[in-house]
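Spelled out, the chains give:
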Amino acid sequence: DVCILRHGVISLAVSAAGWVGFVHPEITPPSNFHHLRDTTAIATGYLSRGASLVMTTPTGSGKTTLAALKIAATLSSGRTVLYLAPTHALVGQVENDLSDRVVGLAKAQSIEDITLDEVQKALPDIAVVTPERCFALLNFSPQLFTNVGLLVFDEFHLLGVNPAENIFHTRVDRRAIDAMLCLLTFQAINKDADYLLLSAMVSNGSEVAQWLASIVGRPVTPFDDKWKPTRQLRSCVLYDREEYTAVRQSLKANPPNKSPAAIPYGLFSLVSGWHPGAADRLLLRPMAIAPIALGRGDNRYGPYLTANRYEVAAHIAAQFAQSGLKVIVFCDSIVSCGSVAKAINARSDPFASERDDNQEILRATTVDEVGAENAIYDAGTKIAAVHHGELLTSERRLVETLFRRRDSRLKILAATSTLAQGLNLPCDVVILASTDRLDETDPEEKTRSQLEPHEILNALGRAGRAGQAATGYSVVIPSSPTWCDAVTKQVSDDTDIAMVFTEGDQCLPISDPLTLLFDIVETEGVTGGDARYLLRRLAISLGDEREGVETFETLTRRTFGFFRRKQADLAKANAWLTQRKASLTKALAESAAEKALPWQDELAARTGATPQFIARLAKAYEGAPHEAVDALTWMSWLLRLLDPDDEEMDSFLRPDSMIRVFGRAVTTQTDDTTARKIALAGTEIAVGSWFEGNTLVEMDNKIASFVAANEQNVKRPTKPDRKAKRARRFALRVAPDLGYLCGVLSQVAQRLAAETGSPMPPMVGFLPQLMRYGFPTPYHFALWRDNGRDSRRAMRAAFDKLEGDLNRIWSDDWNAVRDKLETAQMKAMFSIDFDSAENSFEAFIAAQKDK
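Please read all numbers here as calculations on a predicted model, not as lab measurements.

Colleague: What am I meant to see in the packing of helix H29 (residues 762-773) against helix H30 (residues 778-786) here?
Modeller: Geometry of a packed helix pair, given as the angle between the helix axes and the separation of the axes. It is at 9 Å that the axes of H29 and H30 come closest, and there the two elements cross at 65°. Every pair of crossing elements has a handedness; the one defined by H29 and H30 is left-handed. Where H29 abuts H30, its residues Met763, Phe766, Gln769, Leu770 and Tyr773 lie against Pro778, Phe781 and Trp784. Looking at side-chain class alone, the contact of H29 with H30 contains seven nonpolar, one polar and no charged residues.

Colleague: Where do I start with the packing of aromatic side chains in this structure?
Modeller: Throughout the structure, instances matching the rule amount to 18 aromatic pairs. Here the aromatic rings of Phe145 and Phe186 are separated by 6.4 Å at their centres, their planes lie at 85°, and the arrangement is edge-to-face. Residue Phe145 is found in the loop between helix H4 (131-140) and strand E8 (148-154), and its partner Phe186 is found in helix H5 (residues 174-189); the two are separated by 41 residues along the sequence. With relative accessibility at 0%, the residue Phe186 sits in the buried group. Ring centres 6.0 Å apart and planes at 90° place the aromatic pair Trp634 and Trp637 in the edge-to-face group. With Trp634 and Trp637 both in helix H22 (residues 631-639) and three residues apart, the pair spans about one turn of that helix. Here Trp634 and Trp637 have matching classes, each one buried. If you follow Arg174 out to its NZ or CZ, it ends over the ring of Tyr533, 4.3 Å from the centre.

Colleague: For this particular structure, what's the right way to read the pattern of salt bridges?
Modeller: Inspection of every chain in the model, using the stated rule, returns 38 salt bridges. A salt bridge links Arg660 to Glu390; its shortest N-O distance comes to 3.9 Å. You can see Arg660 sitting in helix H24 (residues 655-662) and its partner Glu390 sitting in the loop between strand E19 (384-387) and helix H11 (393-404), a full 270 residues away along the chain. An identical accessibility class is assigned to Arg660 and Glu390; each is buried. Its salt-bridge partner being Arg532, residue Glu647 comes within 3.6 Å of it at the nearest N-O pair. Pair noted here: Glu647 is in the loop between H22 and helix H23 (649-652) and Arg532 is in helix H15 (residues 529-537), with a separation of 115 residues, a long-range link. The exposure class of Arg532 is partly exposed, given its relative accessible area of 30%. Shared partners join several salt bridges into a network, and the residues in it are Arg355, Glu360, Arg363, Glu373 and Asp378.

What counts and what doesn't
Residues numbered from 1 in each chain as written. Predicted model: local features only at pLDDT ≥ 70, side-chain atom pairs only at ≥ 80, totals over all residues. Heavy atoms only, no water. Axes fitted to C-alpha atoms, helices over the stretch in contact; angles between N-to-C directions. Helix = DSSP H or I, 4+ residues; strand = E, 2+ residues; numbered from the N terminus. Left-handed = near helix turned anticlockwise from the far one by under 90°. Contact = heavy atoms within 4.5 Å. Nonpolar A, V, L, I, M, F, W, Y, C, P; charged D, E, K, R; others polar. Phe/Tyr/Trp six-rings, centres within 6.5 Å; stacked < 30°, edge-to-face > 60°. Buried < 20%, exposed > 50% of the residue type's maximum accessible area, 1.4 Å probe, protein only. Lys NZ or Arg CZ within 6 Å of the ring centre and 35° of its normal. Salt bridge = Lys/Arg side-chain N within 4 Å of Asp/Glu carboxyl O.

Keep in mind these values describe shape, not function.
Structure below.
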């Protein structure tokens, strides 16, 4: 078999004895093919059919290259590949990157946007998707996955939770629940696929491999080679003890003698690991030639120094950039990203645009969508730009493509942790500007919490990427200023320092989120939203045994948590299982306010909605606007079915998202019901603006006006945001959640159509994607899919030119929509203006006679 990689051809030879790899003598090996480590990995036999691998090698060690080899081997055997990526941004990157790496064999394709009509077909050769979306497809279209020969799970630490000393303090993310259920559901559907799990953070990879082997019944090899093709130097920003003490003393003068400032130093470890008692193994070097301003705080004990970390980070980053190095500064919030980029850009003059034609198109698309040049997150004329979770897709692609170019004068990205989640943006230097972060669920943004060790190391690992750079440099600025004695190297606090100099990235021992929640329900009852969500997912498994439904016992015996218990004591594990089933069954019975039909219970378990909501939706469906041809009519009807008196509304309009969009209109209300009513009313306004084709600036103005009219007892009424942040959050967070609500409706409609024999309106199947992307009709969506996925507003303008030739009716399915669009486009292409003498038929004939 032949795998064509980015920089050459790697010939693959498969034999009964195992896999042997060799480089074609006439082809230059790819720059990211690392012979030593890759040979070690290949020696495990993971490329052979029936072999799987759990890879926990360091960040930047080239895991993607080894994944590409396994993908190529799978494709050559005639099987397809399922690639799970943790974020939408990473899905897009993997789609492009894998297509380049296996060019000639297959093309990677995202299935995030797959429609109800398309879902009946087979998956593409390489299907890239988030675990949440994959889990939904597994539930409703399991036949899609029968030919998958390999499941790749990138950043697989998403599967589990990081256990606290007290399990009841462990944070269980709903994404972890869906990810684990996704893996278990896939394994139940497809018994003979291979697995490739990738993460640099997981410390118990061998245990995960043993568990996976126990449920798939075939070898799963743990691979934890510490070698990496890049070298990384790390340092921590400290201050000289004497200077630090002098600055602190100056604060106590009344008034203070001067503004606090000190020279930042970098503390380096000359050997692997942290050795605080060995001064000869530590090095202290200045990172600036002049003092940099520190901050000042006051409490009941008097004035104290603060790190002023973003100013310090900006100064250090600018120095590296002046040397031609690419730098990423990780910040704790979107606001601090902007502050760092602004401070850096103030130190240098803007330059003429470096954007190529494609990048100019991306920028123009963004301006059209947002509605004002000064409201976009721009890139291409200044040395620094931002990268965070509120960038539109076109903005993110613009900044990423510019930063990747080595000759680009865009040298610095101020980024949030979204960039640390597996995105491969090669850089020379990483600066972690804080070891704590703001709590985004806090509307006042005052609550801070420490970063987890794996979050710190994942960020630092972005410096020096395999195949891109031989070396990398990471700098950490602690949350509070720390001093170091220049002679003894004694430090005032080494909490962060010990983590910076840890010998390996593997610091995250993952545990099973499912069985952890079983234990929490056993002890505390169904108290949290995640516990209620899991209980709904397990409802049919806990019920009577039925064909096509895996029982609770069978499912639980395949979990990672049960595997651990079984390894310790099988009898106790079985007793635990019996007790947990009894407790969960009781909790489920107590939570059911009304008895739903069996199919409604089943659909609730598959979607995560409550059976009561499914039943109410089914009852109301007869009065739905079946013959409506626009999405807004359907969405207005659907939103009216949400009950603010019921907590189930929080499943679709999540409180944290409502707070991020509607702010004090929600947080200043006196009770949850009123807050939900306000959130629902605001959502209806935003949905209307979304489908009307308003720019994000226009939408933000409407949302801000709504917030100002509903916030209680505030001194300064809310005003529109200059970057349209509320509208951005609606588009990026709330619209996909409402798309999930539309997906629940489509499943109910399909079931009712099967029962009654009446056709389901095609609009119901289109609605999830229309809601997510803001297209008022399926014709807009089809035009977008077929024309390079331009902006929402550009598609609206293009549609307006064709609408006169479109006879839209409610029964148009996907094929009818595309056929009508094609016909309208052909008419537009060949239309002749008969009122123009120059183009009239008579003029044409006359011209031919003259010839």
